[in-house]
Amino acid sequence: NAGVTQTPKFRILKIGQSMTLQCTQDMNHNYMYWYRQDPGMGLKLIYYSVGAGITDKGEVPNGYNVSRSTTEDFPLRLELAAPSQTSVYFCASSYSIGPGSTDTQYFGPGTRLTVL
Amino acid sequence: DQQVKQNSPSLSVQEGRISILNCDYTNSMFDYFLWYKKYPAEGPTFLISISSIKDKNEDGRFTVFLNKSAKHLSLHIVPSQPGDSAVYFCVEGGSEKLVFGKGTKLTVNP
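What you are looking at is a predicted structure, and each value in this text was computed from that prediction instead of being measured.

## Quick word on the overall build of chain B
Turning to step 1, where the next piece is worked out: Along chain B, the regular secondary structure elements total zero helices and eleven strands.
Turning to step 2, where the next piece is worked out: Tracing chain B from N to C terminus, the helices and strands come up as β-β-β-β-β-β-β-β-β-β-β.
Turning to step 3, where the next piece is worked out: Computed over the C-alpha atoms, the radius of gyration of chain B is 13 Å, within 12% of the 13 Å expected from 2.2 N^0.38 for a compact globule of 110 residues.
Turning to step 4, where the next piece is worked out: Out of the 110 residues in chain B, the part that is buried amounts to 46%.
Turning to step 5, where the next piece is worked out: For chain B, restricting intrachain contacts to residue pairs at least 6 apart in sequence, the fraction spanning at least 24 positions comes to 53%.
Turning to step 6, where the next piece is worked out: Here chain B has roughly 5300 Å² of accessible surface; of this, 50% comes from carbon and sulfur atoms.
Turning to step 7, where the next piece is worked out: In chain B, the 12 positive side-chain charges and the 11 negative ones have mean positions that sit 4 Å from each other.

## Details of the state of the cysteines
Residues and elements named next belong to chain A.
Turning to step 1, where the next piece is worked out: Scanning the entire structure with this criterion turns up two disulfides over all chains.
Turning to step 2, where the next piece is worked out: Between the sulfur of Cys 23 and that of Cys 91 lies a disulfide, 1.8 Å long from S to S. Residues Cys 23 and Cys 91 are joined by a disulfide whose S-S torsion is about -70°; by sign, that bridge is left-handed. With Cys 23 in strand β3 (residues 19–25) and Cys 91 in strand β9 (residues 87–94), this residue pair connects regions lying 68 residues apart in the sequence. Taken individually, Cys 23 and Cys 91 each receive the classification buried, so the pair is uniform in this respect.

## Focus: the nonpolar core
Turning to step 1, where the next piece is worked out: Among the nonpolar cores identified, the biggest contains 22 residues, and Trp 35, Leu 47, Ile 48, Leu 73, Leu 75, Ile 77 and Tyr 88 of chain B are the most heavily contacted of them.
Turning to step 2, where the next piece is worked out: Those elements giving two or more residues to this core turn out to be β3 (19–26), β4 (33–38), β5 (45–50), β7 (62–67), β8 (72–77), β9 (86–92) and β11 (104–109) of chain B.
Turning to step 3, where the next piece is worked out: Counting residues in each nonpolar core, the second largest holds 19 residues, with Trp 34, Leu 76, Leu 78 and Ala 81 of chain A among its members.

## Considering the sheet that holds strand β1 (residues 3–5) of chain B
Residue and element names in this part refer to chain B.
Turning to step 1, where the next piece is worked out: What the five strands build is an open sheet, ordered β1-β3-β8-β7-β6; its pairing is antiparallel. The sheet is open, and its two edges are formed by β1 and β6 (56–59), each paired on a single side. Across the sheet, the mean angle separating the axes of adjacent strands is 15° when strand polarity is ignored.
Turning to step 2, where the next piece is worked out: In this sheet, β3 lies alongside β1 in antiparallel orientation, the contact comprising three bridges. Directly across from Val 4, in β3, lies its bridge partner Tyr 25.

## Considering the pattern of salt bridges
Turning to step 1, where the next piece is worked out: All told, the structure shown has three salt bridges over all chains when counted by the stated rule.
Turning to step 2, where the next piece is worked out: Across the salt bridge formed by Asp 38 of chain A and Arg 36 of chain A, the nearest N and O atoms sit 2.9 Å from each other.
Turning to step 3, where the next piece is worked out: Taking relative accessible area as the criterion, Asp 38 of chain A reaches 25% and is therefore assigned partly exposed.
Turning to step 4, where the next piece is worked out: The shortest N-O distance in the salt bridge between Asp 84 of chain B and Arg 61 of chain B comes to 2.8 Å. Taken together, the residues span a long stretch of sequence, with Asp 84 of chain B in the loop between β8 and β9 and Arg 61 of chain B in the loop between β6 and β7 at a distance of 23 residues.

## Comments concerning the sheet that holds β3 of chain A
Residue and element names in this part refer to chain A.
Turning to step 1, where the next piece is worked out: If you trace the four strands from one edge of the open sheet to the other, you get β1-β3-β8-β7, paired in antiparallel fashion. On the outer flanks of this sheet lie β1 (4–7) and β7 (64–66), each paired with one strand and no other. Each neighbouring strand pair of the sheet contributes to a mean axis angle of 20°, computed without reference to strand direction.
Turning to step 2, where the next piece is worked out: Note that β7 and strand β8 (residues 76–78) share three bridges and pair antiparallel. From the neighbouring strand, Tyr 64 faces β8, where its bridge partner is Leu 78.

Cut-offs and rules
Residues numbered from 1 in each chain as written. Chains lettered and ligands numbered in written order. Predicted model: local features only at pLDDT ≥ 70, side-chain atom pairs only at ≥ 80, totals over all residues. Heavy atoms only, no water. Helix = DSSP H or I, 4+ residues; strand = E, 2+ residues; numbered from the N terminus. Rg over C-alpha atoms; globule rule 2.2 N^0.38 Å. Buried < 20%, exposed > 50% of the residue type's maximum accessible area, 1.4 Å probe, protein only. Contact = heavy atoms within 4.5 Å. Areas by Shrake-Rupley, 256 points an atom, 1.4 Å probe, with all protein chains shown as cover. Lys, Arg positive; Asp, Glu negative; His and termini not counted. Charge placed at Lys NZ, Arg CZ, Asp CG, Glu CD. Disulfide = S-S within 2.5 Å. Core = buried A, V, L, I, M, F, W, Y, C linked by side-chain atoms within 4.5 Å. Pairing = 2+ DSSP bridges. Axes fitted to C-alpha atoms, helices over the stretch in contact; angles between N-to-C directions. Salt bridge = Lys/Arg side-chain N within 4 Å of Asp/Glu carboxyl O.

Fair warning: the whole summary comes from geometry, so function is off the table for now.
Spelled out as structure tokens, the structure:
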């Protein structure tokens, strides 16, 4: 049971390039999330998904896209990378969530992205 | 707008002493909070939670206290150990969107 895995661990992009951050979980969780963490800040939600085929915006969705074709995978796409997207990106998953839920989210190790 | 504030960016304590990490919040819909711990180059991991029906939850060396009238919670670690050195995030839960504080970096000195 690997939990939540993310690839790559590190990446440097040039301004205007695009890339996809991969996230896979093997816990059969319904819910998956993408966060970014800037230096000295807490994690901010980019997008989340409550199940295959369903995604929704979080707090900071601009400049990103997601898809959820399977329960296991939740890739995050960056189009036209900008220096403001330099950050550490975390993927997470949980079995259940929502009002009144006491479930917890399980996080991957993160992808450190630098845009120059 | 939900907000979770951790006003101390860092805390340093001696091994064996108590560590107290504080958190204030506004406009909580669910009064359900979690603490996550994060080591460098790793993702956050869940540590302990507390719901509105309790004012205290204990798990080994970790205790979280919730004061709903003051909209304040705190995490106590007793006794502190060098392995506890990490960043601790206060998080509001209960919905599909977790709201993270900025974190407090705890350093436990041997």
